[in-house]
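# Structural overview for review
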Amino acid sequence: MKRRIPLTELGFERGIEMEGLSGFRELFFPVPRADSVQGLRLILPYRSDAAFESRRSIQVEVDGSPVLTTALPNSTHAGTIDIPIDASSIREDYLRIGLRYSGAITEDRCVDERVSGAYLSFEPEGALVASIERDSLDSVGDVAAIMPKTMDIVLPENISEAHAAAALTLAAGYDLARITAGQPEAYEDEWTRSRMLIAGTDASALAVDKESEQPEIRIGGDDPAAAARLLRSQWNLLASKGTVRSAKAEKSRRERLTFADLGGDTSVQRISNRGSWTVPLPLTALEPGETPSGLAVDVAVADDGSVTSPVVSVLMNGVLLGSAKAVRGERTRVSVDLPEGLIAASNSIEVAVTRQVRAGDCAYAPQAYEAQLLPSSHVKLGAAGRPVDFSDLAPAFADGVTVVMPGPDALGGVRRLVSTLVDGQTPIRVSYGDIPEDGPYVLVSDSPPPGTDPSVRIEGETVPFIGIDGRNLIDSEAMSIFTIAQLVSDGGRTALWIRPGVDFASGVSAGKPVSLGRGDVAFIDGNGIELAFSTERDRLVDISYPDETSFLELLKRYWLWLVVIGWLLASAGFVYLLRSVYKSRKPGG
């Protein structure tokens, strides 16, 4: 059985880029035990080019030892690294691969090599292909450690509330998860999609199906959602036996949220000009009542003997938050605050180190020196207020959320909208129609939750959505087509009301998840969010109901006429005042 582990599963969604004439990147591929691996092969397609003639090479290291060195041509070039790897290089269920890129333009040390315009790029479809003995994957922990992140979640024909909750838990946070019902599809030649079969209450909580062509995990028991949380947790390796009779998973508490907790890249890099690390920050990593307030970034930079110190820069979602000179020979900490409006449901933190190439009196050749983003770097946490944006729902749901839907046909649409607001450790409950008495909930219904006052009401009336130019943005016909999501308050409880549109329940399986972020009202179609805005902040959209005409609405509607009338009255008053003064100064007046 072959298992392809692409770079995208390691977090390199766009591949690996190395600019200039030097670069180094370490990769850690998850693999089974060495005795269960029949063969390993590293296949990495790449592209390279240089603006000027230069000598460049790429070296591949396995467990710290070089196994391949090849030259790169000066012209635009596309090639593939394809080498076998000995399974004895596996250490603690991981294979460490190093990619070392180096080059030079000339022996003349007075030439600034940054003018080379050279680069080396590894394509995201590059992968480690492992040939695995099928029968060796006989425990839940072994299968969970190596299974593809692209998965099929197969439900039984009669989908209960517990089954639906387990499916939503497994799909949470996975863009490529697919929920299906009934008979599963046939397997492909390679193990490219993992398969989760949700069974009945008489089945074990977690078990490996040893009879299937490729490894499958069956989830059952009285609480399959708890079993799914155990499978998604860091404790799944404790399920070393082939079967777990019962399961219960609780979300662990942390005193702080480190970059290591977030699974960020904190590896050592050799930097001659500029290097960077990227750390994801999904708000599903927060606990209830928490919100990101700042970042404390720790970086260690090797001393290169230069007069000019390296500079450490911190960015989030493409916005520069702060920078500082690196302290030689010790840890450098950069503390920054997060401005209001920057945080989204999914965030990206970038830490960059920039060096001034040492070239005094043409005496030194360019040299790369080590730098590392330290795992002690962490996110500062503050107290969160009531949710005002969709992204605020993620920490509000962290202790549990109930999804109220009319039936299993709505499961695909719910997964598409809720998947980015929960993670695999969020306790999810599903109810077919009954709103819980306490706790946050998501309601899928044509009518709003009883006792709430939603910003957008759909009651068969024509509700104009007017832009700043006075045009109607959404007409009454489109209102019935769109799926409308909005935040509502139910007696102080947090609730998300989803009014399904015409394509909301497109079968049990649905498309790519929709990331609900800024705003508290969103109009969604089959392609994603069409319009989202906030009803609490300054906005470019006004909502007008025919039966509600307040003084402010009249003021907004007729403000131009009121300005003209006010100007005319002021002018007339001024003329009258001048006339009175003139009369009072006339002789005998």
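This text gives an overview of the structure that appears in the document. Per chain, residues are indexed from 1 in the order of the written sequence. In keeping with the model being predicted, local features are shown solely for residues with a pLDDT of at least 70 and side-chain atom pairs are shown and tallied solely at 80 or more, while totals for entire chains, interfaces and linings include all residues. The side-chain quantities take in all heavy atoms of the structure and omit both hydrogens and water.

## Quick word on the packing of helix H2 (residues 161-171) against helix H3 (residues 224-232)
To keep it simple, the criterion reads: Interaxial angle, 0 to 180 degrees, is taken between N-to-C directions of lines fitted to C-alpha atoms, where a helix line uses only the stretch in contact. Strands are runs of DSSP state E lasting at least two residues, helices are runs of H or I lasting at least four, and both sets are numbered from the N terminus onward. By definition in this entry, angles of less than 35 degrees are roughly parallel, angles greater than 145 are roughly antiparallel, angles of 65 to 115 are roughly perpendicular, and the rest are oblique. Crossing handedness is defined as follows: a turn of the near helix away from the far one that is anticlockwise and smaller than a right angle gives a left-handed crossing, while the clockwise case is right-handed. Contact criterion: two residues are considered in contact whenever any of their non-hydrogen atoms come within 4.5 Å of each other. Residue polarity is assigned by list, with Asp, Glu, Lys and Arg as charged and Ala, Val, Leu, Ile, Met, Phe, Trp, Tyr, Cys and Pro as nonpolar; anything else, Gly included, falls into the polar class.
Running from N to C, H2 and H3 point in directions that differ by 15 degrees, and their axes come no closer than 7 Å. Considered as vectors, H2 and H3 are oriented roughly parallel to each other. By crossing handedness, the relation of H2 to H3 is classed as right-handed. From H2, Ala162, His163, Ala165, Ala166, Thr169, Leu170 and Ala171 reach across to H3, where they touch Pro224, Ala225, Ala228, Arg229, Leu231 and Arg232. Looking at side-chain class alone, the contact of H2 with H3 contains nine nonpolar, two polar and two charged residues.

## Topic: the sheet that holds strand S28 (residues 428-431)
Quick note on the threshold: Strands qualify as paired when DSSP identifies two bridges or more between them.
The seven strands lie next to each other as S28-S27-S29-S33-S32-S34-S35, forming an open sheet whose pairing is mixed. Taken across any chain shown, the strands that pair with only one partner, and hence form the sheet edges, are S28 and strand S35 (528-533). Each neighbouring strand pair of the sheet contributes to a mean axis angle of 20 degrees, computed without reference to strand direction. Relative to strand S29 (residues 441-444), strand S27 (residues 401-404) runs parallel, the two sharing three bridges. Pairing of Val403 across the sheet is with Val442, part of S29. Sheet contacts for H2: S27 and S28; angle to S28, the most-contacted strand, approximately 140 degrees. Strand contacts of helix H5 (residues 411-418): S27, S29, strand S32 (483-490), strand S33 (493-499), strand S34 (521-525) and S35, with the helix running at about 130 degrees to S34, the strand carrying the most contacts.

## Focus: the side chain of Glu61
Keep this limit in mind: Under the rule applied, a polar contact is a pair of N or O atoms within 3.5 Å (in protein, one hydrogen donor and one hydrogen acceptor; residues adjacent in sequence only if both atoms are side-chain atoms).
Following the sequence through the fold, Glu61 ends up in strand S5 (residues 55-62). In terms of polar contacts, Glu61 uses its side chain to reach the side chain of Arg100, at 2.9 Å.

## Thoughts on the sheet that holds strand S24 (residues 346-354)
Strand order across the open sheet formed by four strands is S19-S24-S21-S22, with antiparallel pairing between neighbours. Each edge of the open sheet carries a strand with a single partner, namely strand S19 (274-282) and strand S22 (319-325). Put simply, the sheet's adjacent strands are angled 15 degrees from each other on average, direction ignored. Summarising the sheet, strand S21 (residues 311-316) and S24 pair through six bridges and their orientation is antiparallel. By the bridge assignment for S24, Val314 is matched with Val351.

## Points about a nonpolar patch on the surface
Threshold: Here the term patch refers to residues with relative accessible area over 30% and no salt bridge, with like charges joined within 9 Å and nonpolar side chains (Val, Leu, Ile, Met, Phe, Trp, Tyr) within 5 Å. Note on areas: Shrake-Rupley, 1.4 Å probe, and residue coverage restricted to the protein chains presented here. Think of a salt bridge as a Lys or Arg side-chain nitrogen and an Asp or Glu carboxyl oxygen that are within 4 Å of each other. Exposure categories follow from relative accessible area, calculated using a 1.4 Å probe and restricted to protein chains: below 20% of the type maximum is buried, above 50% is exposed, and the middle band is partly exposed.
A surface patch of nonpolar side chains, amounting to about 430 Å² of accessible area, comprises Leu560, Val564, Trp567 and Leu568. Within the fold, Leu560 resides in helix H8 (residues 559-585). Under the relative-accessibility criterion, Leu560 is labelled exposed at 52%.

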